[in-house]
Every structure is written in structure tokens, then in C-alpha cells.
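Summary of structural features
The chain contents come next:
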Amino acid sequence: MKELPKINQLKNLRAIIQYGSIRAASHSLHQTQPAMTRSIQELERILGVSLLVRGGHGAVLTDMGRVFEPRMNIVLNELERAIDELQQVEHSSKGSVTFGCSFFPACGIVPEVIKKFQEQYTSLRITVIEGQLSALLDSLRHGQLDFFIGVSTPDISLHEFYEEHLGIAEFSAIARKDHPLIHSTSLRELRGAKWYLPTASTGYYTDMEKQIFPYGREDTSSVIFGNSTTVAEQLILNEDYLFIAPKAMLKIPHLQQVVSIIPIREKLPDGNYSLIYPQQQTLTPMAKLLSDDIRRAYLALMSHQTL
């Protein structure tokens with residue numbers, strides 16, 4: 001059987017890729033530079049290929065290194081998940097859960113669910129990555145995320161994943177209650193406005209951008225892209241930016257008194273919300289419990305979405 005790389009060699013290579021140089025990586029892992037260099041040289045010997053090009057400005061992957069990196073990350077992520085799962089089984093409240101979610105769950109559902117979950121499982125480490133599916137798909141595929149909850153669209157292939165359909169959400173244009181355009185009745189009246197839209201390379205919000213600006217943006221329009229609920233709220237409430245979001249967003253208590261739906265006559269595309277996770281890996285016990293709680297909170301909020 002061919003000699004296999006050692007785990008510490010793979011972790012060293014991952015650190016070099018992350019930090020951009022052997023010096024920075026060795027510092028982060030509390031190793032000497034010569035020790036890390038020897039580790040990478042031994043890894044290259046085992047694999048029979050050169051993985052890194054070293055220079056005065058750091059270290060970058062070779063073509064062979066770029067081929068090796070994705071599968072190396074899968075191996076490390078799965079091993080770390082396996083160890084974490086053992087901890088969760090042995091000590092039910094320990095371990096970690098990392099998941100992704102789009103704007104609406106991040107703003108209206110996840111904070112309260114996490115608060116209650118953390119009160120019950122005080123030793124669990126929870127990491128939330130906010131973003132659209134198109135931006136988080138690779139992290140989900142490589143096991144860096146346990147699951148994702150948010151909008152899915154047919155143009156994003158999910159054949160590698162389990163997709164649990166949660167429901168259809170009606171979307172609307174939203175603004176602060178006293179916005180100058182709050183009584184507008186068509187998208188045409190809003191095309192010169194300022195907009196905040198989630199960042200997405202494909203999917204629902206790229207289609208939505210085309211519907212808002214079918215002939216391109218007007219000279220007076222301004223569009224900021226991002227995936228931060230805090231930035232979105234500040235721009236909408238304080239800087240007169242408009243936003244596209246589910247109607248059910250107006251059920252969130254702290255938003256009910258400050259934002260309203262703009263009564264445009266055009267029907268915006270509905271959003272298909274799903275819970276998504278890779279087929280190649282089962283959810284850890286804590287990830288399963290947390291995803292169940294988020295699912296229940298989502299369904300409860302959406303059960304009466306007509307406003």
C-alpha cells in the first residue's frame with residue numbers, strides 16, 4: 001500500500017494556504033519554520049509532486065497543489081467532524097456547529113433560536129455564516145458548514161445535497177415607514193432609488209436585480225451588495241435604501257413599527273426556502289437538534305404570512 005500523508009502534514013499545508021506563507025503558518029501553529037518546511041517537503045515526497053512555489057512574497061499552490069487542496073480539505077473537515085461528533089455523543093452539550101443562512105433567517109429567526117439553544121447547551125460552540133447559497137455552496141460541499149437554510153433556485157444544482165423544502169415565501173419591496181417612495185405603485189417608480197441587495201453570483205437575487213433594472217440602472221440609482229443584517233438595517237432605516245425581502249419579515253417585532261411594504265402592482269418572484277446539507281455526511285447530533293429548532297421557528301413564522 002502506498003504511503004499516506006500524515007494529518008499534521010495536511011494541517012500544515014492548509015495553514016500555509018490560509019496564511020499565505022510558511023512563516024505566518026508556522027507562527028499560527030506554534031512551530032518553527034524549518035520544522036514546517038521539512039513537513040511540506042516530506043508531504044511532497046510522499047505525493048510525488050510539488051505542491052507549493054516559494055518566493056519572497058510567500059507561498060502559492062502549484063497546479064498539482066490546486067488539484068490536491070479540495071480533497072485534502074474534505075479529508076481534514078470530515079476527520080474534525082468525526083472527532084467533534086464523538087465529543088457530542090460522549091458529552092451531549094460539547095462540540096461545535098457551523099451553518100450558513102440567508103438574510104431573512106439571519107434577521108428574523110436565527111438569533112432567538114441560537115439564544116435559547118445556547119442556554120441549554122452552554123459548552124457548544126456555534127458559528128453562523130451569513131450569505132446566499134451561491135456564495136456558501138463550496139463551503140457546504142467541502143464540509144466546512146454543517147447545513148444551510150435559505151433561498152434555493154433551480155439554476156443551482158443540488159444533486160450532491162439533501163434538500164428539505166420548508167415553504168414558499170412571498171417577496172415584496174420594503175422601505176422605512178416614512179420613506180419618500182413608500183406609496184409607489186410600480187417598480188418603474190423605484191428604479192432611481194437606492195437599493196441594498198444580498199450578494200449572489202446566481203440565484204434568486206440576481207434574477208431580482210434584472211427585474212428591478214430590466215434596462216440597466218438609472219443614473220440616480222445606487223445599489224450596495226452585501227450579506228450583513230446590521231448594515232442592511234442601518235441603510236434601510238437611516239439612509240433611505242430599499243430592500244427585497246419576504247412579507248413575513250414584517251412579523252419580526254423590532255421591524256414591525258419601522259418598515260412597511262411598498263404597494264407595487266408587480267408580482268415579485270416567490271422565494272423557495274430549504275434546509276440543505278451534503279449527502280456524503282450525516283448531521284452531527286447537535287447540528288441535527290439546532291437545524292430542527294431553526295426549521296420549527298421558520299415554519300411557525302411563515303404559517304400565517306399573509307399581511
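Residues numbered from 1 in each chain as written. Predicted model: local features only at pLDDT ≥ 70, side-chain atom pairs only at ≥ 80, totals over all residues. Heavy atoms only, no water.

As recorded in an unreviewed UniProt entry, the protein chain goes by LysR family transcriptional regulator and comes from Yersinia aleksiciae. Note on the protein chain: under the UniProt heading Sequence similarities (unreviewed entry), the record states "Belongs to the LysR transcriptional regulatory family." (UniProt positions renumbered as here; feature names shortened; annotations may be inferred.)

Counting residues in hydrophobic clusters, the biggest one holds 64 residues, and the most contacted among them are Phe 99, Trp 195 and Ile 244. Looking at which element gives the most residues to this core, the answer is helix H11 (residues 285-302), with seven residues. In this view, Ile 244 contacts Phe 171, Ser 172, Ala 173, Trp 195, Leu 197, Tyr 204, Tyr 205, Met 208, Ile 212 and Leu 268; residues no more than four positions away in its chain are not counted. (Core = buried A, V, L, I, M, F, W, Y, C linked by side-chain atoms within 4.5 Å. Buried < 20%, exposed > 50% of the residue type's maximum accessible area, 1.4 Å probe, protein only. Helix = DSSP H or I, 4+ residues; strand = E, 2+ residues; numbered from the N terminus. Contact = heavy atoms within 4.5 Å.)

Together, Ile 7, Val 75, Leu 79 and Ile 83 give the surface a local cluster of nonpolar side chains, amounting to about 310 Å² of exposed area. Here the nonpolar patch takes three residues from helix H4 (residues 63-90), the largest share from any one element. By secondary structure assignment, the location of Val 75 is in helix H4. (Patch = residues over 30% accessible without salt bridge, like charges linked within 9 Å, V, L, I, M, F, W, Y side chains within 5 Å. Areas by Shrake-Rupley, 256 points an atom, 1.4 Å probe, with all protein chains shown as cover. Salt bridge = Lys/Arg side-chain N within 4 Å of Asp/Glu carboxyl O.)

Moving on: H11. Across its 18 residues, H11 extends 26 Å between first and last C-alpha, which sits within 8% of the 26 Å expected from 1.5 Å per residue. Met 286, Ala 287, Leu 290, Ser 291, Asp 292, Ile 294, Arg 295, Tyr 298, Leu 301 and Met 302 are the residues of H11 that are buried. (Expected span 1.5 Å × (residues − 1).)

Let us look at the pattern of salt bridges. A pair can form between side chains of opposite charge whenever their charged atoms are brought close. Taken as a whole, this structure holds 17 salt bridges when the rule is applied. Note that Arg 176 is salt-bridged to Asp 178, the shortest N-O span being 2.0 Å. Residue class for Arg 176 comes out buried when judged on its relative accessible area of 15%. Lys 267 is the salt-bridge partner of Asp 270, the closest N and O atoms lying 2.7 Å from each other. Judged by relative accessible area, which is 55%, Lys 267 ranks as exposed. One salt-bridge network, held together by shared partners, links Glu 164, Lys 288, Asp 292 and Arg 295.

Phi angles above zero are rare outside glycine, and His 30 is one such case at about 60°. Along the chain, His 30 falls in the loop between helix H2 (22-28) and helix H3 (33-47). In this model, Asp 240 sits at a positive phi of 65°, which is unusual for a non-glycine residue. Inspection of the secondary structure assignment puts Asp 240 in the loop between helix H9 (229-238) and strand E10 (241-246).

Fine structural detail should not be taken from predicted coordinates in areas where pLDDT scores are low. Taken over all residues, the pLDDT of the protein chain has a mean of 85, while the share at 70 or more is 95%. Within the protein chain, no element has a lower average pLDDT than helix H5 (residues 103-108), which sits at 76, and none a higher one than strand E11 (residues 259-261), at 93. (pLDDT = per-residue confidence, 0-100.)

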